[in-house]
Amino acid sequence: MVEFCVLGSGSRGNSVFLRVNGYSFLFDCGLSCKQIENRLNEIGVLPSSIDAVFLSHEHSDHVKSVHTFVKRYKVPLITSEKTYKASGLYDRGVKDVFFVNSGKTFSKFKGIDVFFMPISHDAADPVGFVVYSEDTKFALVTDIGYPTELVAHELKDCNALVVEANHDPQMLKMGTYPWELKQRIASRKGHLSNGDCAKLVERVVSDKTEYVVLAHLSEENNTPDIALLTVSRIVKGMDCNVKVAAQDSPTPVFRLNAYTVD
Ligand SMILES: [Zn+2]
Ligand SMILES: [Zn+2]
């Protein structure tokens, strides 16, 4: 059985919970440890039941409480060596670490294989995650300037996809952010717009895809309605639910029907 929940997502912090056949994982701990504990409790999950934490990159909205969480609950951290170094986690006492190079798969760990998918973003070694279990494929990718061919290829036929829909380009253009920040967000190493998210979703969804959850929405340059409208059009007529993750509250726990991956 596979279940997931976006505990929170946005520029003030990101964390995703995934449970596969009784094992529980967190992807990024960018909220405070207290918030993560509270939101896990809210969905009926004991923080002490987490089996490992995966870290995508060193930006504070992803790494904030990784050191507190992994030490408090004595769980291993799984990340790339470059991200570990860039995060300063050694100095913060995080020693129980498995290193996985981007482009490689962390195999046969508690019933899952996790592909560390390289992405285009302004960090040391940023990745998205594609998680394979016996009969499902779950993917999580935010903080991408643009989707590379590799990303579009790897995300195909997911049962569930958590994907960035960061901004509406018009809102970004007209908004109050300084010019340099606007440039950074819109660049090929920045964040994915709603339109580019929709184009990516169009390329990767199939009749296997039960959920597309839009994540990392900008509070200043996007609204849940605009993001939802832009991406929902793509899956019209398909048996696929499009949802939006919020910054300050967890999504429902989404449970996947165990389709067979061919
Ligand atoms: Zn980032
Ligand atoms: Zn981020």
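Residues numbered from 1 in each chain as written. Chains lettered and ligands numbered in written order. Predicted model: local features only at pLDDT ≥ 70, side-chain atom pairs only at ≥ 80, totals over all residues. Heavy atoms only, no water.

Draft legend 1. Focus on the coordination of the zinc ion (ligand 1). Each protein donor to the zinc ion (ligand 1) is listed here as His57 (NE2), His59 (ND1), His121 (NE2) and Asp143 (OD); together their distances run 2.2 to 2.4 Å. Angles of 93 to 169° at the metal separate the four donor atoms of the zinc ion (ligand 1), which places the site in the irregular class. The sequence pattern formed by the donor residues of the zinc ion (ligand 1) is H-x1-H-x61-H-x21-D. Separation of the zinc ion (ligand 1) from the zinc ion (ligand 2) amounts to 3.6 Å, with Asp143 serving as a shared donor to the pair. Taken together, the residues His121 in the loop between β8 (112-118) and β9 (127-132) and Asp143 in the loop between β10 (137-141) and α5 (149-154) connect sequence positions 22 residues apart. A relative accessible area of 1% places Asp143 in the buried class. (Donors = N, O, S within 2.8 Å, 3.2 Å for Na, K, Ca; no water. Tetrahedral: all angles 85-135°; square planar, octahedral: opposite > 155°, others 65-115°. Helix = DSSP H or I, 4+ residues; strand = E, 2+ residues; numbered from the N terminus. Buried < 20%, exposed > 50% of the residue type's maximum accessible area, 1.4 Å probe, protein only.)

Draft legend 2. Structural context of the pattern of salt bridges. If you walk through the whole model with that rule in mind, you get 10 salt bridges. Taking the shortest distance from any N to any O, the salt bridge between Lys85 and Glu81 comes out at 3.7 Å. One end of the pair is Lys85 and the other is Glu81, both in helix α4 (residues 81-87) and four residues apart, which spans about a single turn. Since its relative accessible area comes to 61%, Lys85 is described here as exposed. Judged by relative accessible area, Glu81 falls into the partly exposed class, the value being 37%. Here Glu149 ties to Arg203 by a salt bridge, and the two come within 2.9 Å at their closest N and O atoms. (Salt bridge = Lys/Arg side-chain N within 4 Å of Asp/Glu carboxyl O.)

Draft legend 3. Seen up close, the nonpolar core. By size, the foremost hydrophobic cluster in this structure holds 30 residues, and its most contacted members are Phe4, Phe27, Phe54, Phe116 and Phe138. The next biggest cluster of nonpolar side chains, apart from the first, holds 29 residues, and it includes Ile119, Val151, Val231 and Val235. (Core = buried A, V, L, I, M, F, W, Y, C linked by side-chain atoms within 4.5 Å.)

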